[in-house]
Amino acid sequence: MADSSFPVFINSRQYIVNPGQLPADYTLTDYIRDNALLKGTKIMCREGGCGLCTVTMQIGDAAPKAINSCLVPINMCSGWKITTIEGLGSEKTGYHDIQKTLADNNGSQCGYCSPGMVMAMYGKMQQAPKELPEKLEGTFDGNICRCTGYRPIMYAMHQCVKDIEDIEKCKDCPSKLVETQKSSSHWTAAGGLSWHSPISLAELKTIVAKLTAVNYYLAAGHTGVGVYKQDGPFAECIDINGVSELTAIKHDTNSLDVGAAVTLTQLMSTFEELSSTPGFEYLKDAAQYIGHMANVQIRNLGSWAGNLMMKQKHHGFASDVFILLECVGASLNVCDCVNDSVVVCTPAELLDLDMKGKVIQSMSLSVKPGWSLRCYKVTSTYRNAHSLLSLAFFVKYDDSKVVSEKPSLVYAGVSDKFIHAADVENLLLNKNLFDNATLQECMTALEKVDCQDDPQFSSVEFRKSALKSVFYKAVLSIGGSHCSPEVMSGGELLARPDISTGHQEFPTDPSQYPMTQPVPKLDARKQTSGEAQYAGDLPHMAGQLHAAFAKTTVASATIDSIDVSDALKMPGVVSVLTSKDIPGVNRIRNEEIFLCEKEVFYYGQPVAIVVAETEAEAMAARGRVKVQYSGQKTPILSIDQAIKANSFHPDPSNNILTKGNTQEAMKNSDMVISGKIETGEQYPMHLESQTCLTDPKEGFYILHAATQVMGAMQTGVAALLGIKKNEVEVRVRRVGGGFGAKQARSSFSGYATALAAYHIQRPVRMHLTIEDNMEMLGRRNPLRIDYQVGVRKRDMKLLAVISNLYENCGFYTTEAMGSYCFHYVDSAYYVPSWKCSFRQCKTNQPNHCYIRAPGILSVNHFTEQMLAEVAVQLDVSPEQVKEANLYQYGQTNPFNVPITPCYTREIWTKLKETTRFDDQTVEIAKFNLANRWRKKALSLMPLKYSQGFPANWAFLVHVSINHDDASVTVIHAGVELGQGINTKAIQVAARTLGVPLDMVRVHPPSTSYNTNSSPTAGSVSSDFNCLAVKNACDMLVARMAPYKKKKMTWEELVAECQKNQVDLHATYQVTNKNAAPDAKFDFQVYDVFGAASAEVELDVLTGNIIINRMDILYDAGASYSPEIDVGQVEGAIVMALGLSFHEEIKYSTKTGQLLTNSTWSYHVPMCRDIPVDLRVSLLSHRPNKAFALRSKVVAEPPMLLAESAVTSLRKCILEVRKDQGLSTSFTADLPLTLEKLHVACGLNSANFNIS
Ligand SMILES: Cc1cc2nc3c(=O)[nH]c(=O)nc-3n(C[C@H](O)[C@H](O)[C@H](O)COP(=O)(O)OP(=O)(O)OC[C@H]3O[C@@H](n4cnc5c(N)ncnc54)[C@H](O)[C@@H]3O)c2cc1C
Ligand code: FES
Ligand code: FES
């Protein structure tokens, strides 16, 4: 072992790490994937926000714990014992119970999140099994799943807890391995980083004292790099975990001392334990508050002192540790290493200390008998999000409710400088805390607080209001029964029950099995065990290079020059390619420029491809590509700006739709309401980033791509390189989530690697970072709809709608929605006359892209909200207006096509009954009357979704029967994205051929087998491909029939056919024509129906919401794989809830740069954001006569049903506004984020009272 080498134990095996040979920032994930070659651990964000890279780590005999391996430098791991997903189990060694249970309960769709989920659960079982099952769901607060909607994952994990009686200790038991002696060490990593691992405070001081002139990092958990990535580069890094003085926790009956390297998890449990000691009761609230910070994996690694230091360096950082410790009067012991002294200070004083040459050593807390602590953190998702505004309030009052000592009121998120609300602290002393007049004085003082207008914070309007309302909440909470009954519940938090529940109901027909049989995804165990391979998991090829994009740093300008000379000089760089190196066509789908030429259209546009030996080298060199710009303009970013600047793409010919005479109908209406509704962007957050590996072979290019559009990728690459299509093959084994964004958007990594491979003739790989993925590639198209609706009052009928739709397409229209939206504008309502138009706004944003129900989700929101507004004007409930206008059999849609069949009313009535809508509405009204600051609402919505088969689509499939063992191979033309297409295809093949499921296997598709096939998109590919599989199998059955004798087994029949040289391979190309022979229209083939109800609860004072219950009744026709279809419904709902409430995109208005380009700044729903009780039923006995398999599509339509929660929330807001004496009209633009809905409530602090 060389001097600086050290051992790491991964799944019981010892690896010797030689840091001198690894890049300075090489992480544990990199090591696991690229050195240990264990590809089950996935990677995406590299910032601790997604949970894909979760493994467990153990030091010494401490219990293993779940951590994010992407934040841990390998240098820190000396002697660590790591367990990865492979260490738990596999097909060969036997699956672990968690892997099996997650798979068997439908908890894995695309599977990309699954290893991380399993490891998070495994970590919990190892670290704190006693906390299960109560704290089970909290275990996953750092793990994103974008496919399943979490419900089946949570269910499966509950089963694990139930099933495993003695929660297994780690099978590999790495603690049995030889313990490595901890000793201090120092080495230099390949990038020149000097790494120290001292083991005593004295040693640490000596090292730090010498570092006052360089940028250094004190690594406790090293998680700070997940938030502030740009603080480096660092010349020196000191791992402080071996310093025993910094990891010590000491307490007696009066005080508590906690070392600086103590993790947040340890701090939380220490607080919990001590909170039963007299005088330390306040630590109970403190422990709870820490439990709201970050996520399990971060808390397991990150230290409280590291968190404070992030605030010290970045004053705008909304540090939860800071407000907590500052509020309760902690004192910090800071070691001055240069002067060998200790500075004692408060957290606030720390902010002004020069910390060069200093180390936080510990903090001290003392008993505070009789003090009450309240801490609130207002976040956009329930967990795993930094605060929009936080408050900590510490107060002591006597028996007459008078504040007897100066209280402490601390805020985070107000501004860089604001800490204490000193005016409030001062005025409260000697006042009755629960007196209305005192409260109003506090409100007046808080009114004066200056909220900094800065994009790093939430909106000023929100903060100004929340500052007051959250303080009011704290007072109500402390006041408890001192407060009058109708305001008391305002002091409580909206607490989710520990366990979410769900219920699924679907028809099956055993006579059709394995079709209609509920089977989980057949690849699921491979996914949950990490054995499933994705494009990025393919082994490193001999000679393989890595590519990274250099991007523009302005949004609108002309390029004068591109200088790649510096980049070419960087270590490892092999080539830098620009548009001039493209031998063929520099276009995606004949429109969009691939590599920027002369004009810059958006910030982050790819301008060059840097190709280097390693990914780190390519990333480092891309910043050296120098681009000179001139004529820079202020970017056009919004629809409003585009309208003002008259910036539109040319109007297509079909941009107007008319039905009936709207003018006449408006004249005949009793009431014409007009308004404007907007919806925002949504980033798909597919957990597998855009990635591709191109392998050049003898002038032939094989692309291993993560794409939904193999055919278009093949066409595009051939055009780019100026070669024939038969010189390009695109192969896709599976994709880790696409949601539409791996259609044309996947071209970027495909084209880049193909172009580089073409020039260099070596394999080239590209894997976009989360920032690139978010900045370069577009999102769901934002829409604005200006409308007028004419209504007849007597029967609440809508007579006419005029709507002008504006679509923000970005700079191109490659994936614009345009006239497609017209097909969904009616939702489930009959309106006799329509006039709709659309215009496509040209903005300085990347080309926006298709994402699950593109445009459709937005127009559905429009129609539902338009009806809700009609209800307000008529002073009735939205459900009354909806019921009055629901489609009836034979009524015609805006294209004059009759709706036949039509189940809208049947489904509506059924759901209304099962949810006891009317009774529940009465109960809710009583609740709202009794609770001024908590509101509930229940809503019902229908669904009618026109499902089209694009006229020219086709899928070519192959079915082969292998002689000797009679097994069956299917190669269909769809891409497995998690939607379960492979499982469905196997069910169909097994049923048609009459063989068991395990006789059939699906092999990955490729453009060489599945030539000229269409994209896997628009929800139809599963059904189309399965129909093709069925028809191919039917052909085989017919061919084999003459050889079939009575009682012959399948194997015997195959042998007989082989003997007679029967062709046991069939291909079938399914098209629009043979899929639905009776269809009269190219597009509008059939309607999907459904309905949903949602009960939502709002904490008025914070803006937090909980969806207490959601019921879905969905028409999947005769579903031939109901468990998978239910999974699609659940996943769709939660993704749409993301757009509705959580996911918000922000740009710099000056530069056009995307500001929300990380998991830190962009929040998708986590497992505790889903409906507490989610019930999904599939409609029985309604086979789809318009499609040969009698099923209906599932992927996209159910997304629309999440709108029921938006309407409920709208009702809650209207209740609040009514209480406030405000108008009951307001527009629920999406996303209706916590900030926006808080503002919409229009809280007036004059209405705050206690008794
Ligand atoms: C995904 C994610 C979510 C998060 N969510 C939240 C959240 O909701 N609320 C919140 O408040 N925070 C949040 N954080 C921040 C998190 O709490 C911190 O990253 C963590 O506590 C830092 O501790 P660490 O030990 O990893 O620090 P490190 O990363 O090791 O160090 C951070 C900084 O502190 C310095 N430092 C470390 N120890 C000392 C010491 N003893 N003396 C002097 N300097 C020192 C280092 O030099 C470095 O500059 C989140 C972070 C991530 C990655
Ligand atoms: S890749 Fe590590 S948390 Fe996302
Ligand atoms: S299954 Fe969870 S992200 Fe796809």
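In this text, all values refer to a predicted model and were calculated from it rather than measured experimentally.

Caption draft 1: The arrangement of the overall build of the protein in detail. A tally of regular secondary structure across the protein gives 36 helices and 43 strands. Rg of the C-alpha trace for the protein: 31 Å, near the compact-globule value of 33 Å for 1251 residues, within the 12% margin. With the principal axes as the frame, the protein shows a C-alpha extent of 90 × 80 × 70 Å. In the protein, which comprises 1251 residues, the proportion classed as buried is 64%. Across the protein, the fraction of contacts at a sequence separation of at least 24, relative to all contacts at a separation of at least 6, is 76%. Separation of charge centres in the protein, based on 119 positive and 130 negative side chains, amounts to 4 Å.

Caption draft 2: Looking closely at the packing of helix 8 (residues 264-274) against helix 9 (residues 283-291). Viewed as axis vectors pointing N to C, helix 8 and helix 9 meet at an angle of 155°, and their least axial separation amounts to 8 Å. Considering their axes alone, helix 8 and helix 9 lie roughly antiparallel with respect to each other. For the pair helix 8 and helix 9, the sense of crossing is left-handed. Contacts between helix 8 and helix 9 involve Leu-264, Leu-267, Met-268, Phe-271, Glu-272 and Leu-274 from the first element and Leu-283, Ala-286, Ala-287, Ile-290 and Gly-291 from the second.

Caption draft 3: Seen up close, the sheet that holds strand 3 (residues 54-58). In space, the five strands of this open sheet follow the order 2-1-5-3-4, with mixed pairing throughout. Here the strands that pair on one side only, and so sit at the sheet edges, are strand 2 (13-17) and strand 4 (65-68). Across the sheet, the mean angle separating the axes of adjacent strands is 35° when strand polarity is ignored. As judged from the four bridges shared by strand 3 and strand 4, these two strands associate in the antiparallel manner. Looking at the pairing, Val-55 lines up with Ile-67 of strand 4. Seen against the sheet, helix 1 (residues 28-35) touches strand 1 (6-10), strand 2, strand 3, strand 4 and strand 5 (81-83) and runs at an angle of roughly 110° to strand 2. Where helix 4 (residues 114-127) meets the sheet, its contacts fall on strand 3, strand 4 and strand 5, and the angle it forms with strand 3 comes to roughly 30°.

Caption draft 4: Broad picture of the sheet that holds strand 27 (residues 656-659). Taking strand neighbours across the sheet as the criterion, the five strands line up as 27-35-34-33-28 in an open arrangement whose pairing is mixed. Whereas interior strands pair on both sides, the edge strands pair on one side only; in this sheet they are strand 27 and strand 28 (671-679). The sheet shows a mean angle of 10° between the axes of neighbouring strands, taken without regard to direction. Here strand 28 runs beside strand 33 (residues 783-792); their pairing, made up of nine bridges, is antiparallel. Directly across from Ile-673, in strand 33, lies its bridge partner Val-789. Contacts from helix 26 (residues 856-874) reach strand 28, strand 33 and strand 34 (797-810) within the one sheet, and its direction differs from that of strand 28 by about 140°.

Caption draft 5: Quick look at helix 6 (residues 201-209). Restricting attention to buried positions, one finds in helix 6 the residues Leu-201, Leu-204, Ile-207 and Val-208. Buried residues of helix 6 fall within an arc of 125° about the axis and therefore sit on the same side. Buried-residue contacts for helix 6 involve strand 7 (194-197), strand 8 (216-219), strand 9 (236-239), helix 7 (244-247) and strand 14 (358-366).

Caption draft 6: Structural view of the pattern of salt bridges. Tallied over the entire structure, the rule returns 64 salt bridges. Between Asp-537 and Arg-33 there is a salt bridge, and its shortest N-O distance comes to 2.9 Å. Of the two residues, Asp-537 sits in the loop between helix 18 (524-528) and strand 19 (545-551) while Arg-33 sits in helix 1, which places them 504 residues apart along the sequence. Residue Asp-537 is classed as buried on the basis of its relative accessible area, which comes to 3%. The network of salt bridges with common partners includes Lys-551, Arg-622, Asp-772 and Glu-775.

Caption draft 7: Spotlight on unusual backbone geometry. In this model, Leu-132 is joined to Pro-133 through a cis peptide bond whose omega is 0°. The omega angle of the peptide bond from Leu-1230 to Pro-1231 is 0°, so this bond is cis rather than trans. Residue placement: Pro-1231 occurs in the loop between helix 35 (1203-1219) and helix 36 (1234-1241). One non-glycine residue with positive phi stands out, namely His-222, at about 60°.

Caption draft 8: Region of interest: the pairing of strand 29 (residues 691-697). The buried fraction of strand 29 amounts to six of the seven residues, a majority that puts the element mostly inside the structure. The pairing of strand 29 with strand 32 (residues 764-767) spans four bridges and is antiparallel. Note that in strand 32 the partner of Thr-691 across the bridge is His-767. In the sheet, strand 29 pairs with strand 30 (residues 700-705) via six bridges, with the strands oriented antiparallel. Its bridge partner lying in strand 30, Pro-696 is registered against Tyr-701.

Caption draft 9: Highlighting the state of the cysteines. In total, this model carries zero disulfides according to the counting rule given. Here Cys-237 stays free of any disulfide, with the sulfur of Cys-77 as its closest cysteine sulfur at 12 Å. Free cysteine Cys-375: the closest other cysteine sulfur is in Cys-327, separated by 6.4 Å. Look at Cys-375 and you get buried, because its relative accessible area is 12%.

Caption draft 10: Highlighting the packing of helix 3 (residues 97-104) against helix 4. The contact between helix 3 and helix 4 brings their axes to 10 Å, and the two run at 130°. Judged by the angle between their axes, helix 3 and helix 4 are oblique. Crossing of helix 3 over helix 4 shows right-handed handedness. Contacts between helix 3 and helix 4 pair Ile-98, Gln-99 and Leu-102 from the former with Ser-114, Met-117, Val-118, Met-121, Tyr-122 and Met-125 from the latter.

Caption draft 11: Representation of the environment of Ala-800. Here Ala-800 is to be found in strand 34. Note on Ala-800: relative accessible area 0%, which makes it buried. Residues Ala-800 and Val-859, spaced 59 residues apart in sequence, show a C-alpha to C-alpha distance of 16 Å. Setting aside residues no more than four positions away along its own chain, Ala-800 makes contact with Thr-662, Ala-665, Met-666, Gln-788, Val-789, Gly-790, Val-831 and Ser-833.

Caption draft 12: Highlighting the site of ligand 1. Around ligand 1 lies a shell of 34 residues, among which Tyr-217, Thr-223, Ser-303, Asp-320 and Lys-377 are the nearest. Between an oxygen atom of ligand 1 and a side-chain N or O atom of Tyr-217, the distance comes to 2.6 Å. Surface burial for ligand 1 is 97%, taken as the share of its 980 Å² of free accessible area covered by protein chains. Those elements that provide at least two residues to the shell around ligand 1 are strand 8, helix 11 (304-313) and strand 14. Of the residues forming the shell around ligand 1, the biggest block, five residues, is contributed by helix 11. Broken down by class, the residue content of the shell around ligand 1 amounts to 19 nonpolar, 11 polar and four charged.

Caption draft 13: Looking closely at helix 20 (residues 615-622). Those residues of helix 20 that fall on the buried side of the exposure criterion are Ala-618, Ala-621 and Arg-622. Projected down its long axis, helix 20 carries its buried residues within an arc of 100°, all on one side.

Caption draft 14: Representation of a negative patch on the surface. Taken together, Asp-964, Asp-965, Glu-1051 and Glu-1052 make up a surface patch of like negative charges. Among the structural elements, Asp-965 can be located in the loop between strand 37 (954-961) and strand 38 (968-971).

Caption draft 15: Layout of the packing of aromatic side chains. Enumeration over the complete set of coordinates arrives at 33 aromatic pairs. Taken together, Phe-280, Tyr-282, Trp-371 and Phe-394 form an aromatic cluster joined through their ring pairs. Across from the ring centre of Trp-371, 5.3 Å away, lies the NZ or CZ of Lys-368, which sits over that ring. When the ring centre of Tyr-1120 is taken as origin, the NZ or CZ atom of Lys-984, which lies over that ring, is 5.4 Å away.

Caption draft 16: Seen up close, the pairing of strand 35 (residues 833-842). Burial analysis of strand 35 places seven of its 10 residues in the buried class, the great majority of the element. Alignment of strand 27 against strand 35, held across four bridges, turns out to be antiparallel. For Thr-658, the partnering residue across the bridge sits in strand 35 and is Lys-835.

Caption draft 17: The arrangement of the side chain of Asp-30 in detail. With respect to the helices and strands, Asp-30 occurs in helix 1. There is a polar contact of 3.0 Å between the side chain of Asp-30 and the side chain of Thr-27. Ignoring anything within four residues of it in the chain, the contact list for Asp-30 reads Asp-25, Asn-35 and Arg-46.

Here is what the cut-offs are and how they apply
Residues numbered from 1 in each chain as written. Chains lettered and ligands numbered in written order. Predicted model: local features only at pLDDT ≥ 70, side-chain atom pairs only at ≥ 80, totals over all residues. Heavy atoms only, no water. Helix = DSSP H or I, 4+ residues; strand = E, 2+ residues; numbered from the N terminus. Rg over C-alpha atoms; globule rule 2.2 N^0.38 Å. Buried < 20%, exposed > 50% of the residue type's maximum accessible area, 1.4 Å probe, protein only. Contact = heavy atoms within 4.5 Å. Lys, Arg positive; Asp, Glu negative; His and termini not counted. Charge placed at Lys NZ, Arg CZ, Asp CG, Glu CD. Axes fitted to C-alpha atoms, helices over the stretch in contact; angles between N-to-C directions. Parallel < 35°, antiparallel > 145°, perpendicular 65-115°, else oblique. Left-handed = near helix turned anticlockwise from the far one by under 90°. Pairing = 2+ DSSP bridges. Arc of directions from axis to C-beta. Salt bridge = Lys/Arg side-chain N within 4 Å of Asp/Glu carboxyl O. Disulfide = S-S within 2.5 Å. Near = heavy atom within 4 Å. Polar contact = N/O pair within 3.5 Å; in protein donor to acceptor, adjacent residues only side chain to side chain. Areas by Shrake-Rupley, 256 points an atom, 1.4 Å probe, with all protein chains shown as cover. Nonpolar A, V, L, I, M, F, W, Y, C, P; charged D, E, K, R; others polar. Patch = residues over 30% accessible without salt bridge, like charges linked within 9 Å, V, L, I, M, F, W, Y side chains within 5 Å. Phe/Tyr/Trp six-rings, centres within 6.5 Å; stacked < 30°, edge-to-face > 60°. Lys NZ or Arg CZ within 6 Å of the ring centre and 35° of its normal.

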